[in-house]
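As a plain string of letters, each chain reads:
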Amino acid sequence: MEGASGRMAADPACCGTASDEEHRIVVSMCGVCAAGCGVNVHLVDGRIDRLTPLKDHPLGIVCPRGMRAPEVVYSPDRLLYPQRRVGARGEGRFERISWDEAYRIWVDGLKRIADRHGPEALCIYTGRGNFEFGLNEAFAPEGTVESSANAVLFPFGSPNTTGVGSLCYASYGMIAPRACFGSYVRDIHEDLENAELILVWGANPATDSPPLNLRRLKQARARRARIIVIDHRRTETVRATGAEWIGIRPGTDGALALAALRVLLDEDLLDRGFAERWTHGLDELAAYLQDFSPERAAEITGVPADTIRMLARAVAGAKGCAMLTYTGLEYSNSGLQAIRAVWCLQALAGHLDVPGGKLFKMPGRPQTRRILTAPPPAAPAPVGSERFPLYHAVRREAHGAALPRAILESDPYPIRGLVISGASLVTAWPDPALWRRALAELDLLVCVNRFPTADSAYADLLLPATTMFEIESYMAYDGYVQLRRRVIEPPGEARNDYLIFAELARRLGYGHLWPQSEAALIEHMLEGTGVSLADLRANPQGVRLHEPPMRYRKYETGELRADGSPGFPTPTGKFEIASEWLRGHGYDALPVYTEPREGPRAAPDLAARFPLVLNSGARTQTAFRSQHFNVPSLLAQQPRPLVHIHPADAAARGIADGDPVLVESPRGAVRFWAHVTEDIVPGAVEVNMGGGGPLGPAEWQDCNVNDLTDPANCDQLSGFPVFKALLCQVTKCDPAPVGTPAA
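Residues numbered from 1 in each chain as written. Predicted model: local features only at pLDDT ≥ 70, side-chain atom pairs only at ≥ 80, totals over all residues. Heavy atoms only, no water.

This next bit is on the nonpolar core. Membership of the largest hydrophobic core comes to 115 residues, with the highest contact counts inside it found for Trp201, Leu264, Leu418 and Phe575. At ten residues, helix H7 (residues 253-266) tops the list of elements feeding residues into this core. If sequence neighbours within four positions are ignored, Leu418 has contacts with Cys123, Ile124, Tyr125, Leu403, Leu425, Leu439, Leu442, Leu444, Leu445 and Val446. Judged by nonpolar contacts, the second largest core, of 72 residues, contains Trp99, Ala138, Ile488 and Tyr498. (Core = buried A, V, L, I, M, F, W, Y, C linked by side-chain atoms within 4.5 Å. Buried < 20%, exposed > 50% of the residue type's maximum accessible area, 1.4 Å probe, protein only. Helix = DSSP H or I, 4+ residues; strand = E, 2+ residues; numbered from the N terminus. Contact = heavy atoms within 4.5 Å.)

Moving on to the environment of Ile248. With respect to the secondary-structure elements, Ile248 resides in the loop between strand E13 (244-247) and H7. The spatial distance from the C-alpha of Ile248 to the C-alpha of Ala684 is 9.6 Å, given a sequence separation of 436 residues. Once residues within four sequence positions are removed from consideration, Ile248 is found in contact with Ile230, Asp231, His232, Asp253, Leu256, Thr301, Val303 and Val681.

Angle between the axes and distance between the axes are the two parameters that describe a pair of packed helices. Close contact between H7 and helix H13 (residues 335-348) brings their axes to 8 Å; oriented N to C, the two are set at 25 degrees. On the basis of the axis angle, H7 is roughly parallel to H13. The way H7 lies across H13 gives a crossing that is left-handed. Seen from H7, the contacting residues are Gly254, Ala257, Leu258, Ala260, Leu261 and Leu264; seen from H13, they are Ala338, Ala341, Val342, Cys344, Leu345 and Leu348. Residue classes in the contact of H7 with H13 are distributed as eleven nonpolar, one polar and no charged. (Axes fitted to C-alpha atoms, helices over the stretch in contact; angles between N-to-C directions. Parallel < 35°, antiparallel > 145°, perpendicular 65-115°, else oblique. Left-handed = near helix turned anticlockwise from the far one by under 90°. Nonpolar A, V, L, I, M, F, W, Y, C, P; charged D, E, K, R; others polar.)

Our focus in this paragraph is the confidence of the model for the protein chain. In the predicted model, the protein chain carries a mean pLDDT of 94, and the fraction of residues at 70 or more is 96%. pLDDT under 50 marks residues 1-19. Its contacts with residues more than four places away, or in other chains, come to 38 contacts. Considering only residues more than four positions removed or in separate chains, one finds that residues 738-743, a stretch of pLDDT under 50, has twelve contacts. (pLDDT = per-residue confidence, 0-100.)

It is worth spelling out the side chain of Lys724 at this point. Here Lys724 lies in the loop between helix H25 (698-701) and strand E30 (726-732). This buried residue, Lys724, is left without a salt bridge; Glu686 holds the nearest opposite charge, at 4.6 Å. Within the structure, the side chain of Lys724 is placed 3.0 Å from the backbone oxygen of Ser616, a separation counted as a polar contact. Residues within four places of Lys724 in sequence aside, it is in contact with Pro250, Gly251, Thr327, Gly328, Tyr331, Val613, Leu614, Asn615, Ser616, Gly617 and Ala618. (Lys, Arg positive; Asp, Glu negative; His and termini not counted. Salt bridge = Lys/Arg side-chain N within 4 Å of Asp/Glu carboxyl O. Polar contact = N/O pair within 3.5 Å; in protein donor to acceptor, adjacent residues only side chain to side chain.)

This part takes up the pattern of salt bridges. When the charged atoms of two side chains lie near each other, side chains of opposite charge can form a pair. The final tally for this structure, using the stated rule, is 47 salt bridges. Taking the shortest distance from any N to any O, the salt bridge between Glu276 and Arg272 comes out at 3.9 Å. Of this pair, Glu276 and Arg272 both sit in helix H8 (residues 272-278), separated by four residues, roughly a single helical turn. Judged by its relative accessible area of 33%, Arg272 is partly exposed. Across the pair Arg486 and Glu518 runs a salt bridge whose closest N-O atoms are separated by 2.8 Å. Pair noted here: Arg486 is in the loop between strand E22 (480-484) and helix H18 (497-507) and Glu518 is in helix H19 (residues 518-526), with a separation of 32 residues, a long-range link. Through salt bridges with shared partners, a single ionic network connects Arg84, Glu95, Glu101, Arg104 and Asp108.

A word on the layout of surface pockets. Taken as a whole, the second largest pocket holds about 590 Å³ of empty space. Breaking the lining of the second largest pocket down by element, the ones donating at least two residues are helix H15 (403-409) and helix H17 (432-441). Element by element, the count of residues in the lining of the second largest pocket is highest for H15, at four residues. By residue class, the composition of the lining of the second largest pocket is 19 nonpolar, three polar and five charged. (1 Å grid on protein atoms, 1.4 Å probe; cavity = no way out; pocket = protein on both sides within 12 Å on 5 of 7 lines; lining within 4 Å. Points joined across faces, edges and corners; volume = space filled by probe spheres on them.)

Strands belonging to one sheet form pairs held by backbone hydrogen bonds; the direction of such a pair is parallel or antiparallel. What the three strands build is an open sheet, ordered E21-E22-E23; its pairing is antiparallel. Only two strands of the sheet have a single partner each, and these edge strands are strand E21 (473-477) and strand E23 (543-544). (Pairing = 2+ DSSP bridges.)

Time to look at helix H10 (residues 294-301). Turning to H10, its buried residues number three or more, namely Pro294, Ala297, Ile300 and Thr301. Buried residues in H10, looked at end-on, bunch into an arc of 115 degrees, giving them a common side. Contact partners of the buried residues in H10: H7 and helix H11 (305-317). A positive backbone phi angle near 85 degrees is found at Gly302, which sits one or two residues after H10. (Arc of directions from axis to C-beta.)

Let us look at H13. The end-to-end C-alpha distance of H13 is 20 Å, a good match for the 20 Å that 14 residues give at a rise of 1.5 Å each. Counting buried residues in H13 gives 14 out of 14 residues, a clear majority hidden from the surface. Within two residues after H13, Gly350 carries a phi angle of roughly 95 degrees, on the positive side. (Expected span 1.5 Å × (residues − 1).)

Here it is as structure tokens:
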């Protein structure tokens, strides 16, 4: 580490001495998001000037958003002081108050609702803005292996905590792997470093936060590994790695995977030893696959039959096949089962817990000491848990999709108070008008955030949260732990999210359940790791933890099951092609394919009016969900929301690149600007997400893609909304603002 003068620093916290105080370099993590990228934070006159990546760090990366850290931290839009509503809900008029007054209003409101309706009438919803590692580890519900939900109201008597997990990650990261392996994605690693073939299926590592897997893909490509991307778009990852691209009709990935499995069986390309000894349901699958010839799958997916055969043979013949998947598979009617079908293909081809494949991380790895809070034993089941029991089984929380009905119809019982922390419900979920009505009907709404959101106009209280540059916490990686150093002091009266909720617990009478300072929290979490807070302060770049060396085929040696028996931690002890867990809940045990409910094959009459397949959710480099539309340098790269459309579809509609267009679905109409590109399959469009909030230019504020989506259309197993397989029409329009709701 070197400061502006080039001298090595005596203080491990920074480079620079008293003689060059104007330029200091603090070793910490990026605080724009919670990924934990290790960085040098360059301070000029005490203000963040820029970030540079730490060398030899597990996540030594600075992404395009991290490069704009000063604009985020010093934005004039930051919430700096507690405020209370003085106008009608939705007007967005507030006045400044003290933290003591804010807590008095908050606590009195919670108690008043609990007295009238019972504590179960209270709920807390957490979003991506609350993904800070220490915060999540401290407030996790009991019975979870990972969670971003906040259980602070469990001791008060409410079972209702929920959050963004009910529309992102949990299907791929928790439900699908439990159904297949009896394990979770956090305990699984794709061995890209040793894979001969890498499938990127419904994921786009180039826009991940952080983009670590893009770096790994580039390294794999440099050693001549083959990379195939399966997506409706020729993504940034395709271009960055020179990968092969298989374009597919959105929502049909499950059919493609099943047809590839059919080829494995027909051509005897299975790993027979693994399939016959370690799988459950192979005969059931073989019978089901008779309906999924490559020719039939080609009709469904738009992928040629010969390409399907090539894909299956490539997977079967590779010396190590790793697979990167994510939300591109979650957001369809087949979502969870499509993910399972893809993993069955990988497993049956012989790539499970072998070099270059899908590895189970070694047991006995050092773990931090999470604080797990039990739900109240006498409380009713959390809302949505009966409709989506798989989600509740892995998350131990309510399902966000159930909130509007509970608020507006008291079904299954009333929700009258809501805390929204680090989230924006109006921009995240289908039917923004429904969510506005729900928020307006609450007796108490508290929003904790760094910036105003679409939700906060309806709040009774706005509470200012710090960025992660302004707190002290920690981050645990595989084999590594680092202190998140406080780089600058919080502006105004902003507070650490963790301390906001720890103080709420104290004022509700059970503050002893959580450490009441940042240092005490870190010390608690490090117990048993062999690393102390003093160690982390002395080594701000992080400390490596001892990890056992990787061993393969651990299902043969009893290292995956708690009882030490060979096999997998599933009901049958085998890799479950047919999941007995799913069957026990009344779902199809096999990874069955469901045609998109609102699609050209299932709804041809509707498709005559709305002939294009509507997709949303693809991340960009210039925003993160509903964040950063007020960051000038990011906004300059994409000042308007875009709809990506194929040249053939654009020409048929008289649309040129850059034209203002109206995207219309059976539910509404929203204005975008056309990006005419061959990097998308014909017949499908991709529309930008995240707009509809109160910040940024009018073009983004007026553009909420969820005016086009459908709250009633979801994956019935996970409850995740269908964001990637709906129908729409695109027409050229006048550039004047367009009212979003359609008649």
